[in-house]
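Secondary and tertiary structure notes
Chain residues, written in single-letter form:
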Amino acid sequence: MARRMSRRASAEHPLLFIDATDIPPAPLIVRPPTPRANESLSPFRALLAAAETSPLAELDDRHIGRSVLVGGERRAREGLMTADALLDDGTAVMPLVLSARASRTIRAALSGRFVLVSGTVRDVDGSLHIEPDEIADLRALAREWPGPR
């Protein structure tokens, strides 16, 4: 004989949650943005190679706390990312996080579209970020650089 369905907890039907506040939230999955600056950075490739910049795709946990020199296209932050801006070098996209003690000149330089960043790799909430120490405009550097055109 079939039993009636009951909402009461019993040995056969344990009570998992008392109310909705006990239910844990679903994990938040933040997917990294897709790199798209490969073509727009082509005029700066020789300059970036001469400056010996590191490709963002090669940065990993071993680089945490190390100084790096990277260059790319600055993008606005996307979605729920905790960053002041994103840096896209065509190989990967990495968040840039300014420290609380960052100067006005660094904050102003971050508004440029193509930037050369000297900074430190940090672990922020389980993902890699770069904390800029210096930011230069790639367009201005390219105009002054005597290298091949």
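Everything here concerns the structure above.
Now for a look at the structure at hand. (Residues numbered from 1 in each chain as written. Predicted model: local features only at pLDDT ≥ 70, side-chain atom pairs only at ≥ 80, totals over all residues. Heavy atoms only, no water.)

In terms of regular secondary structure, the protein chain is built from three helices and five strands. In the protein chain, the order of α-helices and β-strands from amino to carboxyl end is α-β-β-β-α-β-β-α. Within the protein chain, residue pairs in contact and separated by at least 24 positions form 59% of the contacts whose partners lie at least 6 positions apart. Accessible area of the protein chain: about 10,400 Å², with a carbon and sulfur share of 53%. (Helix = DSSP H or I, 4+ residues; strand = E, 2+ residues; numbered from the N terminus. Contact = heavy atoms within 4.5 Å. Areas by Shrake-Rupley, 256 points an atom, 1.4 Å probe, with all protein chains shown as cover.)

Considering all chains together, one arrives at six salt bridges under this definition. For Arg62, the salt bridge is made with Asp60, and the minimal N-O distance between the two is 2.7 Å. The exposed category is assigned to Arg62, whose relative accessible area is 61%. Given the relative accessible area of 25%, Asp60 is considered partly exposed. Among the ionic pairs, Glu78 bridges to Arg75, the shortest N-O distance being 2.7 Å. Given the relative accessible area of 31%, Glu78 is considered partly exposed. Residues joined by salt bridges that share partners form a network here, namely Arg75, Glu78 and Asp88. (Salt bridge = Lys/Arg side-chain N within 4 Å of Asp/Glu carboxyl O. Buried < 20%, exposed > 50% of the residue type's maximum accessible area, 1.4 Å probe, protein only.)

Every second residue of strand β2 (residues 85–88) is oriented toward a common face, with Ala85 and Leu87 on one face and Leu86 and Asp88 on the other, all of them buried. Where strand β1 (residues 67–75) lies against β2, three bridges are found, and the strand directions are antiparallel. Bridge pairing in β2 places Glu73 opposite Asp88. Note: β2 against strand β3 (residues 93–96), four bridges, orientation antiparallel. Bridge pairing in β3 links Ala85 to Leu96. Two successive antiparallel strands, β2 and β3, enclose a turn made up of four residues, where Gly90 displays a positive phi of approximately 95°. (Pairing = 2+ DSSP bridges.)

It is worth spelling out the side chain of Thr120 at this point. By secondary structure assignment, the location of Thr120 is in strand β4 (residues 114–124). Excluding anything up to four places from it in sequence, Thr120 contacts Gly65, Arg66, Ser67, His129, Ile130, Glu131 and Asp133.

Moving on, we come to the pairing of β4. With seven bridges connecting them, β1 and β4 associate as antiparallel partners. Counted as the bridge partner of Gly72 is Val115 from β4. By the bridge criterion, 10 bridges tie β4 to strand β5 (residues 127–137) in an arrangement that is antiparallel. Counterpart to Gly119 in the pairing with β5 is Pro132. Here β4 hands over to β5 after two residues, with Asp125 in that stretch at a positive phi of 55°.

Here we take up the nonpolar core. Formed by 19 residues in total, the largest nonpolar core has its most connected members in Leu56, Leu59, Val70, Leu87, Val117 and Ile130. When contributions to this core are tallied by element, the ones reaching two or more residues are β1, β2, β3, β4 and β5. Aside from chain neighbours lying at most four places away, what touches Val70 is Thr53, Ser54, Leu56, Leu59, Leu87, Val115, Leu116, Val117 and Ile130. Formed by nine residues, the second largest nonpolar core is a distinct cluster that contains Ala37, Phe44, Leu48 and Leu138. (Core = buried A, V, L, I, M, F, W, Y, C linked by side-chain atoms within 4.5 Å.)

All we've got here are geometric facts, nothing functional implied.
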